[in-house]
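# Summary of the model geometry
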Amino acid sequence: MSRKPVAVFVSILALLAVSGCATAPKKDFTAFQSENPRSVLVIPAVNKSVEVNAADYFLSTLSMPLAERGYYVFPVDVVKHLLENDGLADSAMVHGADTMKLCNLFGADSVLYVSIERWDAHYLVLTTQVTVAFDYTIKGCKTGDILWNHKQVMVYSPQNQGGGGGIGTLVAMAISAAMTKAAPNYMPLARQANGMAFKYPEGPGFPAGPYHPDHLKDPATSR
Amino acid sequence: MYAWGNYDETLYAHYKNPQDHEKHLEKLKMIVTEAETTGGGKVPPGLYAEYAFALHEAGRTDEAVIYFGKEKEKWPESAVVMDKMLRNVKRQEEIRKSRTTKDTGSAPEPGGQKQ
């Protein structure tokens, strides 16, 4: 009986050691912490892929991981319509606009810019390889400076299965099921990419926001 | 932290079939209702506003005003956008009213009449 907790503790230590080795180099959170944003304005992504609908589809995936990390996330569809009404239907124009102007227009504390670098499927002889790649940048509304940047690539092909275990396997299974249909479903892969980017401890480190219990005493930022 | 329901799939479906306003509105209504009841009031940020916007597009002004107000009350960070939306809704309602008094008889379509 008394040996069990020790065994559990040791395996937790082992897990920590493994995940510690696997994490990306530590990010600099100084600018992020000094601005300490409460809200994130998610604007439509710039789409560099050939899939014309990728930006719209992708927009549906960002609110959840950001809000669960403790931020107020502006309603993405309302924001999209307001931008269109202001003559900013083209996302490249929105990304090119002055950050401070966007901040004032919406009363936001920070703006998330995403560029969709890849959203494609390669049909090989026996399998299909699906890739999504995103470049995420958060700019602060106090200075307009970059507070956080991260690039995330996710590749799915049936051979990848079983390697990661846990959530990775589950997602792989979901995608595998989606793959049996004619067109590949990118959504589980896109959601997984966001999860990798914004979640803790899986991700590269993204500070917790004001609605999260870890706000300002965050292991993600002091690792 | 929040009762999301199938919020992301609902938005995805909306972008896939943008013309299907009715179904989108119904789905959002269900997510809001579930978050308020079985979800223990853990309504996620933005949800009230998205629902309010769908109501507004369907011409259901009074309800839209209520839900934009709920977003503003629950999330003070949203105040600038919600005030803007409330102004938009009221302005469109005034335009609609002035049209109804001019063209006596039939009520205008939710999207507004074109001349």
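Note: the structure precedes this text.
Residues numbered from 1 in each chain as written. Chains lettered and ligands numbered in written order. Predicted model: local features only at pLDDT ≥ 70, side-chain atom pairs only at ≥ 80, totals over all residues. Heavy atoms only, no water.

## Describing helix H3 (residues 47-57) of chain B
Our working rule: Exposure categories follow from relative accessible area, calculated using a 1.4 Å probe and restricted to protein chains: below 20% of the type maximum is buried, above 50% is exposed, and the middle band is partly exposed. Helix and strand assignments follow DSSP, with helices taken as H or I runs no shorter than four residues and strands as E runs no shorter than two, numbered in order from the N terminus. Contacts are assigned to residue pairs with any non-hydrogen atoms lying within 4.5 Å of each other.
The buried count for H3 of chain B comes to 10 of 11 residues, which makes it a mostly enclosed element. Along H3 of chain B, the positions that sit buried rather than exposed are Leu-47, Tyr-48, Ala-49, Glu-50, Tyr-51, Ala-52, Phe-53, Ala-54, Leu-55 and His-56 of chain B. Buried positions along H3 of chain B lie against helix H5 (76-85) of chain A together with helix H1 (7-16), helix H2 (21-36), helix H4 (61-74) and helix H5 (79-102) of chain B.

## With respect to the packing of aromatic side chains
Heads up, the condition is: Geometry of aromatic contacts follows a simple scheme: Phe, Tyr and Trp rings, the Trp one being its six-membered ring, pair when their centres are within 6.5 Å, and the pair is stacked under 30 degrees between planes, edge-to-face over 60, tilted otherwise. Charge-over-ring contacts are defined here by two conditions on Lys NZ or Arg CZ: a distance within 6 Å of the ring centre and an angle within 35 degrees of the ring normal.
Taken as a whole and judged by the stated rule, the model has 21 aromatic pairs over all chains. Ring plane angle 65° and centroid distance 6.4 Å describe the contact between Phe-32 of chain A and Tyr-71 of chain A, whose orientation is recorded as edge-to-face. With a gap of 39 residues between them, Phe-32 of chain A in helix H2 (residues 30-35) and Tyr-71 of chain A in the loop between helix H4 (63-68) and strand E3 (72-73) connect regions that are remote in the sequence. Neither residue differs from the other here; Phe-32 of chain A and Tyr-71 of chain A are each classed as buried. With centroids separated by 5.9 Å and ring planes inclined at 40°, the aromatic side chains of Tyr-48 of chain B and Tyr-67 of chain B adopt a geometry described as tilted. Note that Tyr-48 of chain B is positioned in helix H3 and Tyr-67 of chain B in helix H4, a separation of 19 residues in sequence. Side by side, Tyr-48 of chain B and Tyr-67 of chain B carry an identical accessibility label, which is buried. An aromatic cluster is present here, built from Phe-32, Phe-58, Tyr-71, Trp-119, Phe-134, Tyr-136, Trp-148, Tyr-186, Phe-198 and Phe-206 of chain A joined pairwise through their rings. Residue placement shows Lys-139 of chain A over the ring face of Tyr-113 of chain A; its charged tip is 4.9 Å from the ring centre.

## A closer look at unusual backbone geometry
Peptide bonds are, in most cases, trans, and in most cases residues other than glycine have a negative phi. Residues and elements named next belong to chain A. Although it is not a glycine, Asn-36 adopts a positive phi angle of roughly 45°. Residue position: Asn-36 is located in the loop between H2 and strand E1 (39-42). Using a relative accessible area of 32% as the deciding quantity, one classes Asn-36 as partly exposed. One non-glycine residue, Leu-216, lies in the positive phi region at around 70°. Here Leu-216 lies in the segment after helix H9 (187-198).

## What to know about the nonpolar core
Note the cut-off: To qualify as a nonpolar core, a set must consist of buried Ala, Val, Leu, Ile, Met, Phe, Trp, Tyr and Cys residues joined through side-chain atoms within 4.5 Å.
Core analysis: the biggest nonpolar cluster contains 84 residues, and Phe-58, Leu-112, Trp-119, Phe-134 and Tyr-136 of chain A together with Phe-68 of chain B have the highest contact counts within it. Ranked by the residues each element gives to this core, the list is headed by H3 of chain B, at eight residues. The residues contacting Phe-134 of chain A, other than those within four sequence positions of it, are Phe-58, Val-114, Ser-115, Ile-116, Trp-119, His-150, Lys-151, Gln-152, Ala-190 and Ala-193 of chain A.

## Re the interface of chain B and chain A
Defined as follows: Reported buried area values correspond to the accessible surface (1.4 Å probe) lost by two parts on association, with both partners' losses combined. For salt bridges, the criterion is a side-chain nitrogen of Lys or Arg within 4 Å of an Asp or Glu carboxyl oxygen.
Between chain B and chain A, the contact holds 28 residues from the first and 32 residues from the second. When the two sides are added together, the surface that chain B and chain A hide from each other amounts to roughly 2,700 Å², 65% of it contributed by carbon and sulfur. If you sort the residues of chain B by the area they bury against chain A, Met-1, Tyr-15 and Glu-77 of chain B come out on top, with a joint share of 28%. At the surface where chain B touches chain A, the tally comes to two salt bridges. A salt bridge links Asp-8 of chain B to Arg-191 of chain A, with the nearest nitrogen and oxygen atoms 2.7 Å apart.

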